Amino acid sequence: MSRMKVGRDVVAATIERLQDGGRIGHERAVLWLGRGAGRIEELYEPRQRTRADQFYFDGPSMQLLFAHLRGKRLRVLAQVHSHPGRAFHSEADDDWAIIRHAGALSLVLPRFAQEATVDNFLDLAATYVLSTGNHWEEASGATLLEVC
Ligand SMILES: [Zn+2]
């Protein structure tokens, strides 16, 4: 499997958004959109309600997302969110996951991404890939993604 390419600008913007949430002590989530599975085209931050240990997209927010995807012929290739503490896929994360196609990625950044930089991002993020059996399996970010 070839690695999904993501631009340094997208990673930098992702870190900024997650750190913004961290400044008020809240989790935050962003989505990485693309056409084929090969390359992330853009960052999308859904309107969301957040708390220290949770984020939530309501119905209207999901409708805006789907309209955006349809309009630009994009799909969600990866979801990225922060945790207050350790980075792992919680049960809530498994249930919530907005993407349901095999090969989709989910990245979780620890400690509100406070220590994240473009260069250490893939090492810091706990990275999961959705298997054909619909399970999130942990993998090494560097085997799945290439920051370029
Ligand atoms: Zn989570």
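I will try to describe carefully the structure that is included in this document. Fair warning: this is a prediction, and the values are worked out from it, not measured in the lab. (Residues numbered from 1 in each chain as written. Predicted model: local features only at pLDDT ≥ 70, side-chain atom pairs only at ≥ 80, totals over all residues. Heavy atoms only, no water.)

1. Here's the deal with the pattern of salt bridges
Part 1: Scanning the model with the defined rule gives 12 salt bridges in all.
Part 2: Between Glu 42 and Lys 72 there is a salt bridge, with the nearest N and O atoms lying 2.7 Å from each other. Here Glu 42 is found in strand S3 (residues 42-44), whereas its partner Lys 72 is found in helix H2 (residues 59-72), with 30 residues between them in sequence.
Part 3: Given the relative accessible area of 15%, Glu 42 is considered buried.
Part 4: The exposure class assigned to Lys 72 is partly exposed, which follows from its relative accessible area of 38%. (Salt bridge = Lys/Arg side-chain N within 4 Å of Asp/Glu carboxyl O. Helix = DSSP H or I, 4+ residues; strand = E, 2+ residues; numbered from the N terminus. Buried < 20%, exposed > 50% of the residue type's maximum accessible area, 1.4 Å probe, protein only.)

2. A short note on the coordination of the zinc ion
Part 1: Each protein donor to the zinc ion is listed here as His 81 (NE2), His 83 (NE2), Asp 93 (OD) and Asp 93 (OD); together their distances run 2.0 to 2.4 Å.
Part 2: Angles of 57 to 163° at the metal separate the 4 donor atoms of the zinc ion, which places the site in the irregular class.
Part 3: Look at where the donors of the zinc ion fall in the sequence and you get H-x1-H-x9-D. The same class applies to His 81 and to His 83, which are both buried. (Donors = N, O, S within 2.8 Å, 3.2 Å for Na, K, Ca; no water. Tetrahedral: all angles 85-135°; square planar, octahedral: opposite > 155°, others 65-115°.)

3. What to know about the packing of aromatic side chains
Part 1: This model, assessed by the stated rule, comprises 2 aromatic pairs.
Part 2: Summarising the aromatic geometry, the rings of Phe 55 and Phe 57 are spaced 5.8 Å apart at their centres and angled 40° between planes, so their arrangement reads as tilted.
Part 3: Positioned over the ring face of Phe 88 is Arg 86, at 4.5 Å from the centre of the ring. (Phe/Tyr/Trp six-rings, centres within 6.5 Å; stacked < 30°, edge-to-face > 60°. Lys NZ or Arg CZ within 6 Å of the ring centre and 35° of its normal.)

4. Here's the deal with the environment of Glu 138
Part 1: Note that Glu 138 resides in strand S9 (residues 136-139).
Part 2: The contacts of Glu 138, once residues within four sequence positions are left out, are Ala 126, Thr 127 and Tyr 128. (Contact = heavy atoms within 4.5 Å.)

5. Examining the nonpolar core
Part 1: By size, the foremost hydrophobic cluster in this structure holds 25 residues, and its most contacted members are Trp 32, Val 80, Leu 105, Leu 107, Leu 109, Phe 121 and Leu 145.
Part 2: Those elements giving two or more residues to this core turn out to be strand S1 (4-6), helix H1 (8-23), strand S2 (29-34), strand S6 (75-82), strand S7 (105-109) and helix H4 (121-124). (Core = buried A, V, L, I, M, F, W, Y, C linked by side-chain atoms within 4.5 Å.)

All quantities given are derived from atomic positions and should not be read as evidence of function.
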